[in-house]
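# Examining the three-dimensional arrangement
Next come the chains, spelled out residue by residue.
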Amino acid sequence: MEAHQQSVETDSDWVARSLRSVWHPCTQMQHHAQGTDHVPLIAVSHGRGPWLYDHHGDRYLDAISSWWVNLFGHANQRINGALKEQLDMLEHAMLAGFTHEPVIRLSERLSALTQHQLGHAFYASDGASAVEIALKMSFHAWRNMGRTDKQEFVCLKGSYHGETIGALAVTDVALFKDAYGPLLRASRIVMSPDARQAVDGESAEDVARRAAADVQKLFEENGASIAAIIIEPLVQCATGMAMHDPLYLKLVRELCDRHDVHLILDEIAVGCGRTGTFFACEQAGIWPDFLCLSKGISGGYLPLSIVLSREEIYQAFYSADVTRGFLHSHSYTGNPLACRAALATLDIFEEDQVLETNRIRAEKLTRALQPLVNHERISHARQRGMIWAFDAIDAGPGFSRRFFTEATRQELLLRPIGNTIYLMPPYILNDEEIDGLAARTLSVFETTIAGA
Ligand SMILES: *Cc1c(COP(=O)(O)O)cnc(C)c1O
């Protein structure tokens, strides 16, 4: 243990070189220097399956799918094969005035996955851009329909939709938002349906009804000026895996229909089977007007995001007049390599019946996690599909950093959000890895709180 710790502290040249030249995301860089708050920076040399390996040969089980993107492991042979083939055909071509097989096939397959309810796919590279696109499209669609009064957006308490200026405006995570307040356009914030708010015998459904009533009140008073409400369906991930009952989505869908407000579902984190169904909204039996996808859709290989929209939205832009079109573009829109990675990812879903096998995997992991669930310093143990979360009680200052550091010593990549420990593993863990993950998560937790 001691030797391992030291080898991380005096890591190879890679860490020192990275700290000189790479500005790491979502990081106070000083924490990578020495000191009491020290967090090791790990230089990854390669990945295989759920494991990442550093330059010392130490390994880490990637239990959060590398920020929720990696679905079928690192260096997946099937995705690699598809990409190698695509590389020799076409690496990229602009998507204005041109089209290509991977983007057509992917759009058709996504349309089919929505039972052709969301038949028009618009492409970008990252999640935040997909959110920007959905917001702009909603506003512009209303404008094209003569509803220029519809200019406001609604988001949920604790929402996270990305960190560009527009996406941040509909995000409600203080850590990411507060510093930029003066730059952001105000949005309306409604109650979160987070089931942890249940009081005195209230069920998750009751909380969902209460949260929907908050939306109803807002729509009744201000619906005429609201273009859209944006929601992370079933799990608000970045705020700390806040889960809600599907009933909430059903009720909000009805309210949107009644008050002419678009429903934008941000499935960037919860899509692609993460909550147990391919799209989270399927569990509520509804479809949105816009659905944002990114993260897992390319299997964690390449930046790719997609906004799927309904026929009525598409028709609102369809005209002889150029300014009525959606004049938005990104250089890498519809990148063939990224689309091909997505097609290979969808192939794996079909060939391996991933949604079914995940159900079995999830049951096993839930069972293995019982000792952690029952721990006296854990509350609000919750699960949906392939997401597990636990809130640490009296975790002490710097819990997330201390937990992360201890986890790396026990061969785990786990990064709590505040006091919430969560698991979002890739969909490939075998029985041994499932048991190891559960046992080590408990061990890391006990070591971390013992040191508090
Ligand atoms: C990660 C995430 C985003 C932003 O995606 P980026 O690719 O990081 O810009 C947006 N919404 C949700 C729900 C996310 O989890």
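## What to know about the pattern of salt bridges
- Going through the model one piece at a time under the given rule, you end up with 24 salt bridges.
- One salt bridge in this structure joins E101 and R105, with 3.0 Å as the shortest N-O distance. Pair noted here: E101 and R105 are both in helix α5 (residues 101-113), with a separation of four residues, about one helical turn.
- The residue E221 makes a salt bridge to K217 at a minimum N-O spacing of 3.8 Å.

## Section: a nonpolar patch on the surface
- A grouping of I165, Y180 and L183 is seen on the molecular surface, where their side chains present a nonpolar patch of about 310 Å² in accessible area.
- The topology assignment puts L183 in the loop between α8 (174-177) and β6 (188-190).

## So, the sheet that holds strand β15 (residues 412-413)
- Pairing in this open sheet of four strands is mixed, and the strands run β1-β2-β3-β15 from one edge to the other. Each edge of the sheet is formed by a strand with only one pairing partner; in this case those strands are β1 (44-48) and β15.
- Looking at chain direction, β1 and strand β2 (residues 51-54) are connected through four bridges and run antiparallel. Looking across to β2, one finds that V44 is bridged to D54.

## As for the packing of aromatic side chains
- Tallied over the entire structure, the rule returns 13 aromatic pairs.
- Aromatic side chains F278 and F279 sit 5.0 Å apart centroid to centroid with 85° between the ring planes, which places their arrangement in the edge-to-face category. Judged on exposure class, the residue F278 and its partner F279 are both buried.
- Centroid distance F279 to W287: 5.9 Å. Interplanar angle 80°. Geometry classified as edge-to-face.
- Three or more aromatic residues link up through ring pairs in this structure, and these residues are F72, F278, F279, W287, F349 and Y427.

## Description of the packing of helix α13 (residues 354-368) against helix α16 (residues 431-450)
- Between α13 and α16, the shortest axis-to-axis distance is 9 Å and the interhelical angle comes to 35°. Here α13 and α16 pass one another in a crossing that is right-handed. From α13, R361, K364, L365 and A368 reach across to α16, where they touch D431, I434, D435, L437 and A438.

## Topic: the pairing of strand β5 (residues 152-156)
- Most of β5 is tucked away: four of the five residues are buried.
- In this structure, β5 lies alongside strand β7 (residues 226-231), joined through three bridges in parallel fashion. Looking at the pairing, E152 lines up with I226 of β7.
- Sheet topology places β5 next to β6; three bridges connect them, and they run parallel. Bridged to L156 within β6 is V190.

## Quick notes on the domain arrangement of the chain
- Partitioning the chain into domains gives domain 1 (80-351) and domain 2 (353-397 + 408-452).
- Spacing between the C-alpha centres of domain 1 and domain 2 amounts to 28 Å.
- In total, about 1800 Å² of surface goes out of reach between domain 1 and domain 2, with carbon and sulfur atoms giving 61% of it.
- When the shortest N-O distance is used, the salt bridge between D391 and R196 registers 2.9 Å.
- Taken together, the links from domain 1 to domain 2 amount to 11 residue pairs in polar contact (both at pLDDT 80 or more).
- Counting residues per element, the side of domain 1 that touches domain 2 draws most heavily on helix α12 (residues 336-351), which supplies four residues.
- Partitioned by chemical class, the residues of the side of domain 1 that touches domain 2 number 11 nonpolar, nine polar and four charged.

About the cut-offs
Once a new chain begins, its residue numbering starts again from 1 and follows that chain's sequence as written. In keeping with the model being predicted, local features are shown solely for residues with a pLDDT of at least 70 and side-chain atom pairs are shown and tallied solely at 80 or more, while totals for entire chains, interfaces and linings include all residues. Hydrogen atoms and water are omitted, and side-chain values are computed over all heavy atoms in the structure. One speaks of a salt bridge when a side-chain nitrogen belonging to Lys or Arg is within 4 Å of a carboxyl oxygen belonging to Asp or Glu. In DSSP terms, a helix is any run of H or I states spanning at least four residues, a strand is any run of E spanning at least two, and both are numbered starting from the N terminus. Any residue with relative accessible area above 30% and no salt bridge may belong to a patch, with like charges joined within 9 Å and the nonpolar Val, Leu, Ile, Met, Phe, Trp and Tyr side chains within 5 Å. For every accessible area listed, the method is Shrake-Rupley and the probe measures 1.4 Å; residues are considered covered only by the protein chains on display. In this scheme, strands are said to pair when DSSP sees at least two bridges between them. Only Phe, Tyr and Trp rings are paired, with Trp represented by its six-membered ring, and only when their centres lie within 6.5 Å; those with planes under 30 degrees apart are stacked, over 60 edge-to-face, the remainder tilted. Type-normalised accessible area, obtained with a 1.4 Å probe on protein chains alone, sets the label of each residue: buried when under 20%, exposed when over 50%, and partly exposed for intermediate values. To get an axis, fit a line to the C-alpha atoms, keeping to the stretch in contact for a helix; angles then go from 0 to 180 degrees between the N-to-C directions. Working rule for handedness: look at the near helix, and if it is turned counterclockwise from the far one by less than a right angle, call the crossing left-handed; if clockwise, right-handed. Between two residues, a contact is recorded if the distance between any of their heavy atoms is within 4.5 Å. Here the limits of each domain have been adopted from an automatic or database domain assignment. A quick way to say it: buried area is the sum, across both parts, of accessible area lost when two parts are put together, with a 1.4 Å probe. Any N or O atom pair separated by 3.5 Å or less is treated as a polar contact, with the protein-specific requirement of one donor-capable and one acceptor-capable atom, and with residues adjacent in sequence counted only for side-chain atom pairs. When residues are grouped by polarity, Ala, Val, Leu, Ile, Met, Phe, Trp, Tyr, Cys and Pro land in nonpolar, Asp, Glu, Lys and Arg in charged, and all others, Gly among them, in polar.

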